[in-house]
Amino acid sequence: MDIQFTPEDIAFQKEVKAFLSENVTDEIRRGYTGGEVDPDIMVKWQKILHKQGWVAPNWPAEIGGTGWTITQKYIFENECAESGAPSVIPFGLKMVAPVIYTFGSDEQKKRFLPDILESNVWWCQGYSEPGAGSDLAALQTKAELDGDHYVVNGQKIWTTYAQDADWIFCLVRTSSEGKRQAGISFLLIDMKTPGVEVRKIDTIDNQHTLNEVFFDNVRVPVENRIGEENKGWTYAKVLLTHERTAIAGVAQSKKGLQKLKEFAAQEKVGAGVLADDPLFTAKIAKVEIDLMALEYTELRAIASVSAGGAPGPESSILKIRGTEIQQAVSELTIEACGHYAHVINDGEAIGNDMSWVASAKYLYGRASTIYGGSNEVQKNIIAKMVLGL
Amino acid sequence: MNFDFSEEQTLLKDSVAKFIQNEYSYEARQKNSQSDAGYSEKNWSTFAELGWLCVPFTEEQGGIGGGPVEMMIMMEEFGKGLVVEPYFSSVVLSGGLLAKAGNESQQAELITGIIDGSKKIAFAYNESQARFDLHNVVTQAEKNAQGYVINGNKSLVLHGASADLLIVSVRTSGESLDNDGITLLLVPVNTEGVSIKATRTLDGQRAAEVQFTNVQVNSDALLGEEGSAASVIDRVANEAMLALCAEAVGSMEKLYKDTVAYTKERKQFGVAISGFQALQHRMVDMFTAHEQCKSLLLRAVLSYSAGDEGAVKNIAALKYQVGISGQAVAHEAVQIHGGMGMTDEMSIGMYLKRINMINTLFGNADYHLQRFTELSL
Ligand SMILES: Cc1cc2nc3c(=O)[nH]c(=O)nc-3n(C[C@H](O)[C@H](O)[C@H](O)COP(=O)(O)OP(=O)(O)OC[C@H]3O[C@@H](n4cnc5c(N)ncnc54)[C@H](O)[C@@H]3O)c2cc1C
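Please read these numbers as outputs of a predicted model, since none were measured by experiment.

Definitions and cut-offs
- Residues numbered from 1 in each chain as written.
- Chains lettered and ligands numbered in written order.
- Predicted model: local features only at pLDDT ≥ 70, side-chain atom pairs only at ≥ 80, totals over all residues.
- Heavy atoms only, no water.
- Near = heavy atom within 4 Å.
- Polar contact = N/O pair within 3.5 Å; in protein donor to acceptor, adjacent residues only side chain to side chain.
- Areas by Shrake-Rupley, 256 points an atom, 1.4 Å probe, with all protein chains shown as cover.
- Helix = DSSP H or I, 4+ residues; strand = E, 2+ residues; numbered from the N terminus.
- Salt bridge = Lys/Arg side-chain N within 4 Å of Asp/Glu carboxyl O.
- Core = buried A, V, L, I, M, F, W, Y, C linked by side-chain atoms within 4.5 Å.
- Buried < 20%, exposed > 50% of the residue type's maximum accessible area, 1.4 Å probe, protein only.
- Domains from an automatic or database assignment.
- Contact = heavy atoms within 4.5 Å.
- Buried area = accessible area lost by both parts, 1.4 Å probe.

Draft legend 1. Structural context of the site of the ligand. The ligand sits among 26 residues. The nearest are Ser134, Thr160, Ser374 and Glu376 of chain A together with Arg266 of chain B. Nearby residues place the ligand at the junction of chains A and B. At a separation of 2.7 Å, a nitrogen atom of the ligand approaches a polar side-chain atom of Thr160 of chain A. Note that an oxygen atom of the ligand is positioned 2.8 Å from one of the backbone N or O atoms of Gly339 of chain B. Its free accessible area being 970 Å², the ligand has 94% of it covered by the protein chains. Within the residue set of the shell around the ligand, elements represented by two or more residues are helix H12 (375-386) of chain A together with helix H9 (311-337) of chain B.

Draft legend 2. Representation of the pattern of salt bridges within the structure. Residue and element names in this part refer to chain B. Throughout the structure, instances matching the rule amount to 34 salt bridges over all chains. Put simply, Lys154 and Glu127 hold a salt bridge, and the shortest N to O gap is 2.9 Å. Highlighted residues: Lys154 in strand E3 (residues 147-158) and Glu127 in the loop between strand E1 (121-124) and strand E2 (140-143), separated in sequence by 27 residues. The structure contains a network of salt bridges with shared partners spanning Lys13, Glu77, Lys80, Glu253 and Lys257.

Draft legend 3. Just the nonpolar core, in detail. Residues Phe78, Tyr87, Phe88 and Phe362 of chain B are the most contacted members of the largest nonpolar core, which totals 127 residues. Ranked by size, the runner-up nonpolar core spans 70 residues in total, among them Val16, Cys80, Phe169 and Leu171 of chain A.

Draft legend 4. Structural detail: the domain arrangement of chain B. Residues and elements named next belong to chain B. Partitioning chain B into structural domains gives domain 1 (7-119), domain 2 (122-228) and domain 3 (231-376). Of note, the centres of domain 1 and domain 2, computed from C-alpha atoms alone, are 23 Å apart. The interface of domain 1 with domain 2 comprises 24 residues on the first partner and 19 residues on the second. In total, domain 1 and domain 2 occlude about 1500 Å² of area from one another, counting both sides; carbon and sulfur atoms represent 59% of this. Counting the surface domain 1 buries against domain 2, the share from its top three residues, Ser89, Leu97 and Gln106, is 28%. Inspection of the region where domain 1 meets domain 2 yields 10 residue pairs in polar contact (both at pLDDT 80 or more).

Draft legend 5. Focus on the domain arrangement of chain A. All names here are of chain A. Under the domain assignment, chain A is made up of domain 1 (7-88), domain 2 (123-230) and domain 3 (248-385). For domain 2 versus domain 3, the separation of C-alpha centres amounts to 32 Å. Across the boundary between the two partners, domain 2 contributes seven residues, which contact six residues of domain 3. The junction of domain 2 with domain 3 conceals about 510 Å² of combined surface from both sides, 63% of it contributed by carbon and sulfur atoms. Contact with domain 3 buries surface across domain 2, with Ser134, Ile204 and Asp205 losing the most and accounting together for 59% of the total.

Draft legend 6. The interface of chain A and chain B, seen in detail. Counting residues at the interface gives 48 residues for chain A and 43 residues for chain B. For the pair chain A and chain B, the summed buried area comes to about 3800 Å², and 57% of that belongs to carbon and sulfur atoms. When the buried area of chain A at its contact with chain B is split by residue, Ile204, His339 and His342 of chain A rank highest and sum to 20% of it. On the surface where chain A and chain B come into contact, there are three salt bridges. One salt bridge connects Lys283 of chain A with Asp366 of chain B, and the closest N-O pair in it is separated by 3.1 Å. Summed over the shared surface of chain A and chain B, the result is 23 residue pairs in polar contact (both at pLDDT 80 or more). For the side of chain A that touches chain B, the secondary-structure elements that each account for two or more residues are strand E9 (268-269), helix H9 (278-306), helix H10 (318-337), helix H11 (353-365) and H12 of chain A. With five residues, the top contributor of residues to the side of chain A that touches chain B is H10 of chain A.

Structure, rendered in structure tokens:
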């Protein structure tokens, strides 16, 4: 057991810091402000990362990954968060790409992976449906074979960033026989295909992230199916594990707490500042302790995987605790902002840098315990798979 | 001991409840909230016709002499409907100040105007540096031969942009944090040097940033005594907190009931999600939190109407607990609704935002926990 950085790690950290301080401008920081993204800025940022060769640390090195050790990944994540750089949009790089490079044909890898790596193509995730949320296997969007095409009919919901997406990866029903999970296929659909319609969902955070996507006789070439017909569920499950570990957001929460402390140190309360208030600082301290624990839980999980083992039972709590902590940080942040966390930011808004993003982050962040498999569903999984209940 | 409403109180409750049920669907509320003024003039006239605007005023003032219990009854129902009309700002805050500090002619003119719906009055108390301290007043008023000259800024003046008249807390002497030296002045919104910028708040309500640049008012603009408004403001703040907490308790009731109803409808894994014990226990917690807050509300309201010495401490306890439990109940409601809880199509998120706003107005949970601690020592 050893947690010291090696001299190589320290050199790497310096290199990362230098790169970030040169490239993470205020404009880049505005790419993501707590829910909504600015697609142009995000693409610009991801291309900068790609040029540096650092856009896909989770991919195998042979096809564009970085080949970093876990320590290097840890350093990179923390430095990125520290610099205020937005996290890459996960749908292409972190979600569909692993499915394609693990289960796709050579032809599909050639066709899709380079554009993902270069951020030429924007992806979204079409899993959930009105009747299939926690119970994803209940999905009903149908794909029927007609010659060398599938004809897709149905509806997806909660599709994040679909309004900007070029492609959507979908779970569709190709059979209604046998177990529900055994009739699902994994399809890649070009959003420009006739019959695809995107409708905005108005949400409590007054941002545009969510959409409904409708499919009306959408013709999708069979060659856009990943792997075998009716095996989509297996591929999707792999993707879900990728989604769940990425969701803990430890480095982001650390940065959030640091910004909150800085804000509290200058927010006036009477003759002093908010940071003088022991009730408030104790609440920050409690969240910080939770986060210290989670950071090591995450490191233990990463270490066991990189040593070739399966993710240990500790990994299953990353999503639950990670999102609870993110919410706690955002709750304290709006509390710190006082009245100004409750004002609509309509361009001329009153308040300050902190309060403008605080409320959007807080309100959008309510969803973090709902998406990616709700925390209740995660607990059911842990009860069953880890505790054997 | 008796926790029953009188016949009149029951009638009042039924009348407000019926209005909310029939005229105040969430869709209608949203439409009014998004209109220019941010509320419905028609509803405001209805409030006047039904006699709701006169409830807290004495018979001499033209009211029915309702007390904190009547106010609680109304605000709880308003909380269920997420009412956007400026009842709290005009009747509770400004009406409260006028009733306590106004002279005969001010009351005759202005309270009458509030009651018949012809005058809307906003209370400009908050300043951006003040956080939750009502006595942290920097806006200055200097005396001259004619009256006073006001300079300074007020922030997040509730319904400030639709008001005809502002009651402004200003400093006529002392330093920014002193209790002494605060004065209330009546300032018509069209007075030269008053500039008002409307803002919208996340809970679908309205507020305004108000700037005073060499604003000259006459000496009859003085409301109450010069330099000693702090205690009047504190008394009105107590009533304001009772009203706001009653509103929040109404919202909490709606949230837990709507959540229970939703889980009975929503099916996943082939069954209604209400059948999952993991959710059942949490809905029981929401219900419990509502009942506990309602108990603290009654405790505070009844002790305040009886003039008990402990009332102030009871109000601090109430404001603290409503801040904590209100937010917790609203968070759970969103969570248990899943993705639907994040949408504007459901009202759940709007209750969350209103409850958060209420938590912040007149001091958040920590602020009142601190006050409670001081009062207990
Ligand atoms: C902001 C946001 C972004 C999203 N982005 C995407 C996206 O890009 N692509 C996509 O496909 N989907 C996306 N989703 C959908 C998300 O995955 C679903 O919302 C989630 O799976 C929950 O489903 P549901 O909303 O239908 O809630 P439901 O399944 O109806 O759940 C309602 C409540 O019941 C609880 N519950 C359900 N089953 C159980 C059980 N067995 N035991 C105990 N409690 C239970 C849930 O935890 C929840 O609290 C997004 C959702 C949100 C809110």
